[in-house]
Amino acid sequence: MNIILFGPPGAGKGTQADNLIKNFNLYKVSTGDLLREEVKKNSVLGKKIKTIIDKGEFVPDDIINNFIDKILSNKIFYNRLVFDGYPRNLLQAEYLKNLISKHNQKISCVLYLNVNKEILLKRILGRQTCNNCGVIFNEYFNPSTSENHSCDPVYLKKRPDDNEETVIDRYDTYLNKTLPILNFYKKLKLLYEINGDAEINQIYKEIQGIIASLET
Ligand SMILES: [Zn+2]
C-alpha cells in the first residue's frame, strides 16, 4: 500500500502520517528529511543542495525525483510508502506516476486533508509554546489556564514566522500549486477528501475507513 498525504501546512499531515506508519508498518517519504540527510552527509550532491537551500530557492525537481526513484527501487519499501510533502507540483505528480509503474507498484489512495481556511489560520496563529516546560497550547482551541498549566504566562511564546501575512501567503501558495495535483488524482479516481477540521482521532478513523474499503 502506497499512500499520498495531502493538505495545507498546519493540516496535521505529520500526525496522520505517523499513525499510518505505526499501524500499517509503512515508511514515510518526506522530501524535506531526504534533503536534510543528504546535506548532513556532506556529499557533492549534499553541498549542492545546501547552496540552493541557503539561497532560499527550491530544490529542482530532478534532484527530488532522483531521491524518489531510489526509494521506489528499494525492495524494503516495496508498496509500503507514505508520501508526505511530495508530489509538490503537477510535473512531480506525473513523474511519480511513471516511476510507480516502472517499479511495478501502485498508489493505493491520495488522502486530502481539507481544512477550512479560518480554522487553519487559528490553528497556526494561535499556537503558543511554553518556553519553560515546552508544552504547546493554542489560544483558541486549547488555551493555557491555571488548571492545565502551572508556569507563568510570560513564558508563552509564538513562533516569529507565524504571523498572519506569512501564514496566508503559505496557504495561497499551497492552493495554487496543489489544486492541479488534486484534479490529476481525481481523474485517476484515487482522491479521497477528508474533513480536516475534525479532531485528530476522528480524522484518523476516517482514514482507516477509507483504507479498509480499499482492501476489500
Ligand atoms: Zn510551561
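Residues numbered from 1 in each chain as written. Predicted model: local features only at pLDDT ≥ 70, side-chain atom pairs only at ≥ 80, totals over all residues. Heavy atoms only, no water.

Student: Could you clarify how one ought to interpret the overall build of the chain in this entry?
Tutor: Of regular secondary structure, the chain possesses eight helices and eight strands. What you see for the chain is a C-alpha radius of gyration of 19 Å, in line with the 17 Å of a compact globule of 216 residues. Its C-alpha atoms give the chain principal-axis dimensions of about 55 × 45 × 30 Å. Out of the 216 residues in the chain, the part that is buried amounts to 40%. Intrachain contacts of the chain at a sequence separation of at least 6 include 69% that bridge at least 24 residues. Accessible surface computed for the chain: about 12,500 Å², of which carbon and sulfur atoms make up 51%. Distance between charge centroids for the chain: 7 Å, based on 30 positive and 26 negative side chains. (Helix = DSSP H or I, 4+ residues; strand = E, 2+ residues; numbered from the N terminus. Rg over C-alpha atoms; globule rule 2.2 N^0.38 Å. Buried < 20%, exposed > 50% of the residue type's maximum accessible area, 1.4 Å probe, protein only. Contact = heavy atoms within 4.5 Å. Areas by Shrake-Rupley, 256 points an atom, 1.4 Å probe, with all protein chains shown as cover. Lys, Arg positive; Asp, Glu negative; His and termini not counted. Charge placed at Lys NZ, Arg CZ, Asp CG, Glu CD.)

Student: Which parts of the structure should I look at to understand the coordination of the zinc ion?
Tutor: Reference values for angles at a metal are 109.5 degrees in the four-donor tetrahedral case and 90 or 180 degrees in the six-donor octahedral case. Coordination of the zinc ion by the protein comes from Cys-130 (SG), Cys-133 (SG), His-149 (NE2) and Cys-151 (SG), over a distance range of 2.0 to 2.3 Å. Here the zinc ion is ringed by four donor atoms whose angles at the metal span 101 to 117°, and the overall shape comes out tetrahedral. The sequence motif formed by the donor residues of the zinc ion is C-x2-C-x15-H-x1-C. With Cys-133 in the loop between β5 (127-130) and β6 (136-138) and Cys-151 in the loop between β6 and β7 (156-157), this pair connects stretches of sequence that are 18 residues apart. Taking the relative accessible area as the measure of exposure, Cys-133 reaches 40% and is therefore partly exposed. (Donors = N, O, S within 2.8 Å, 3.2 Å for Na, K, Ca; no water. Tetrahedral: all angles 85-135°; square planar, octahedral: opposite > 155°, others 65-115°.)

Student: Would you mind going over the sheet that holds β5 with me for this structure?
Tutor: As a general point, the strands of a sheet are linked pairwise by backbone hydrogen bonds and lie either parallel or antiparallel. Strands sit in the order β6-β5-β7 across an open sheet of three strands; the sheet is antiparallel. In the strand order of this sheet, the two ends are held by β6 and β7, each with one partner. Here helix α6 (residues 117-125) sits on the sheet and contacts β5 and β6; the angle it forms with β5, its principal contact strand, is near 20°. (Pairing = 2+ DSSP bridges. Axes fitted to C-alpha atoms, helices over the stretch in contact; angles between N-to-C directions.)

Student: What is the right way to look at helix α1 (residues 13-24) in this model?
Tutor: Three or four residues apart is the spacing at which side chains of an α-helix point the same way, because the helix has 3.6 residues per turn. For α1, with twelve residues, the first-to-last C-alpha span of 16 Å sits near the 16 Å given by 1.5 Å per residue. Of all the positions in α1, only Lys-13, Gln-16, Ala-17, Asn-19 and Leu-20 are classed as buried. Projection of α1 onto a plane perpendicular to its axis shows the buried side chains occupying an angular sector of 160°, all on one side. A positive phi of about 55° marks Asn-25, the residue just after α1. (Expected span 1.5 Å × (residues − 1). Arc of directions from axis to C-beta.)

Student: What's the story with the packing of helix α2 (residues 31-41) against helix α3 (residues 44-54) in this structure? I'm lost.
Tutor: Any two packed helices are characterised by how steeply their axes cross, that is the angle between the axes, and by the distance between the axes. At a closest axis distance of 7 Å, the pairing of α2 and α3 adopts a crossing angle of 115°. Classified by chirality, the crossing of α3 by α2 is left-handed. Facing α2, whose interface residues are Leu-35, Glu-38 and Val-39, α3 presents Leu-45, Gly-46, Ile-49 and Lys-50. Looking at side-chain class alone, the contact of α2 with α3 contains four nonpolar, one polar and two charged residues. (Left-handed = near helix turned anticlockwise from the far one by under 90°. Nonpolar A, V, L, I, M, F, W, Y, C, P; charged D, E, K, R; others polar.)

Student: Would you explain the nonpolar core in this entry?
Tutor: Most often, soluble globular proteins keep nonpolar side chains buried together rather than apart. Among the nonpolar cores identified, the biggest contains 32 residues, and Phe-83, Leu-96 and Tyr-185 are the most heavily contacted of them. Elements with a contribution of two residues or more to this core: β1 (2-6), α2, α3, α4 (61-72), β3 (81-84), α5 (90-102), β4 (107-114) and α7 (164-187). With six residues, α4 is the single largest residue contributor to this core. With sequence-adjacent residues up to four places away left out, Phe-83 is seen in contact with Ile-3, Ile-4, Leu-5, Val-29, Ile-68, Leu-72 and Leu-96. (Core = buried A, V, L, I, M, F, W, Y, C linked by side-chain atoms within 4.5 Å.)

Student: What's the story with the pattern of salt bridges in this structure? I'm lost.
Tutor: Close approach of charged atoms lets side chains of opposite charge pair. Enumeration over the complete set of coordinates arrives at seven salt bridges. Among the ionic pairs, Asp-69 bridges to Lys-102, the shortest N-O distance being 3.3 Å. Taken together, the positions of Asp-69 in helix α4 and Lys-102 in helix α5 put the pair 33 residues apart, joining distant regions of the chain. Classification of Asp-69 by relative accessible area gives buried; the value is 17%. According to the relative accessible area criterion, Lys-102 is exposed, its value standing at 55%. Between Asp-172 and Lys-117 there is a salt bridge, with its nearest N and O atoms 3.6 Å apart. (Salt bridge = Lys/Arg side-chain N within 4 Å of Asp/Glu carboxyl O.)

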